[in-house]
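Per-entry structural report
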Amino acid sequence: MHQEYTVIEGDFVNAGKASSSVKKTLKQLNVDPTKIKRVVVALYEAEVNAIAHAYGGKVLVDIDSDKIKMVVADKGPGIPDIALAMQEGYSTARPEVRDMGFGAGMGLPNMQKNVDKLNVTSEVGVGTTVEMEVNF
Amino acid sequence: MTIREIAKLLNATVCIGENRMDEEVEHAFASDLMSDVLTLKETPMLITGLCNVQTIRTCDMATLDIIVVVRNKKVTEDMLELAEDNDMVILSCAYSMFKVCGLLYEAGIKPLF
Ligand SMILES: Nc1ncnc2c1ncn2[C@@H]1O[C@H](COP(=O)(O)OP(=O)(O)OP(=O)(O)O)[C@@H](O)[C@H]1O
Ligand SMILES: [Mg+2]
């Protein structure tokens, strides 16, 4: 099953729409609730990052019987030093983002903890792609 | 402790979730930081001063469904709608985060860590 969503820069009101729709789908498919939580938490973190740090982008989700693959690809400033960005506590979040309760530098490390496979690629001035997989 | 007892202790308004007042609550977690809420494996009651749609969305993602909003922050219509879709409870009270935590801790609600 393939699903696609669009996320828009700065659109915090709709941040999480993709994740919550994926949550509903996985529930209908009777996926183990602890797996569902891992999937949606990781996807939500990636979605919020595309909204908070980039200029929006696309969420692509592929679900099959034994795993889910998620890709969050944004157009944005990119991440100059991915290893640094992956460190807990590192954040360049703007004040507006902090006002929404984000910007603790915990998102990427949290994605790492929740998924079975994480791959972050980024080109400065072009954008960032986060690929994640969770096995059911 | 039931949600009803918690509401009474905190002198809180039940914004949504009247149907769940007899449910028991054992653990609570207090934070304004949604990044932090998203790292929880457990599903405690959330005590928070952050009151916007993202609070509710984050709880939905983290599968927390009982929220205490402190300092009388306005719970908006779109928050209520999202909470209703997810069968959540939202209590709103005038007390500070510190007082809410103190009262609940004293009444036997347990911390996660
Ligand atoms: N999609 C992205 N585009 C550009 N920069 C990004 C992107 N995702 C992450 N970053 C950079 O990496 C940093 C760390 O990201 P991470 O998600 O770990 O923390 P955060 O978003 O700052 O805070 P939190 O996730 O705790 O709310 C960000 O502050 C930002 O500098
Ligand atoms: Mg983040």
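Here we summarise the structure given alongside this text. Source: prediction; values computed, not measured.

**Re the site of ligand 1**
- With respect to spatial proximity, 21 residues lie near ligand 1, and among them His53(A), Asp74(A), Ser91(A), Thr92(A) and Gly103(A) are the closest.
- More than one chain reaches ligand 1: the nearby residues come from chains A and B.
- Between ligand 1 and the protein, one listed contact pairs an oxygen atom with a backbone N or O atom of Gly105(A) at 2.9 Å.
- In this structure, Ser35(B) approaches ligand 1 through a side-chain N or O atom, which is 2.8 Å from an oxygen atom.
- Protein burial of ligand 1: of its 590 Å² of free accessible surface, 95% is covered by the chains.
- Contributions of two or more residues to the shell around ligand 1 are made by α2 (33-52) and α5 (107-114) of chain A.
- Here the element with the most residues in the shell around ligand 1 is α5(A); it accounts for 3 residues.
- Classifying every residue of the shell around ligand 1 gives 9 nonpolar, 10 polar and 2 charged.

**A few points about the pattern of salt bridges**
- If you walk through the whole model with that rule in mind, you get 9 salt bridges over all chains.
- For the salt bridge of Asp60(B) with Lys23(A), the shortest nitrogen-to-oxygen distance reads 2.6 Å. Of this pair, Asp60(B) sits in helix α3 (residues 53-61) while Lys23(A) sits in helix α1 (residues 17-28), on two different chains.
- Using a relative accessible area of 4% as the deciding quantity, one classes Asp60(B) as buried.
- A salt bridge links Glu88(A) to Lys113(A); its shortest N-O distance comes to 3.5 Å. A residue pair is termed long-range when its members are at least 10 positions apart, and Glu88(A) in the loop between α3 (82-85) and α4 (95-99) and Lys113(A) in helix α5 qualify at 25 residues.

**Section: the environment of Phe98(B)**
Residues and elements named next belong to chain B.
- Tracing the backbone through its elements, the reader meets Phe98 in helix α5 (residues 97-106).
- Its relative accessible area of 75% is what places Phe98 among the exposed residues.
- Put simply, Phe98 and Ala28 are 70 residues apart on the chain and 13 Å apart in space, counted from C-alpha to C-alpha.

**Examining unusual backbone geometry**
- The phi dihedral of Asn30(A) is positive, around 60 degrees, even though this residue is not glycine.
- Its location among the elements puts Asn30(A) in the loop between α1 and α2.
- Not every positive phi belongs to a glycine, and Asn72(B) is a case in point at roughly 55 degrees.
- Along the polypeptide, Asn72(B) turns up in the loop between β4 (66-69) and α4 (77-85).

Cut-offs applied
- Residues numbered from 1 in each chain as written.
- Chains lettered and ligands numbered in written order.
- Predicted model: local features only at pLDDT ≥ 70, side-chain atom pairs only at ≥ 80, totals over all residues.
- Heavy atoms only, no water.
- Near = heavy atom within 4 Å.
- Polar contact = N/O pair within 3.5 Å; in protein donor to acceptor, adjacent residues only side chain to side chain.
- Areas by Shrake-Rupley, 256 points an atom, 1.4 Å probe, with all protein chains shown as cover.
- Helix = DSSP H or I, 4+ residues; strand = E, 2+ residues; numbered from the N terminus.
- Nonpolar A, V, L, I, M, F, W, Y, C, P; charged D, E, K, R; others polar.
- Salt bridge = Lys/Arg side-chain N within 4 Å of Asp/Glu carboxyl O.
- Buried < 20%, exposed > 50% of the residue type's maximum accessible area, 1.4 Å probe, protein only.

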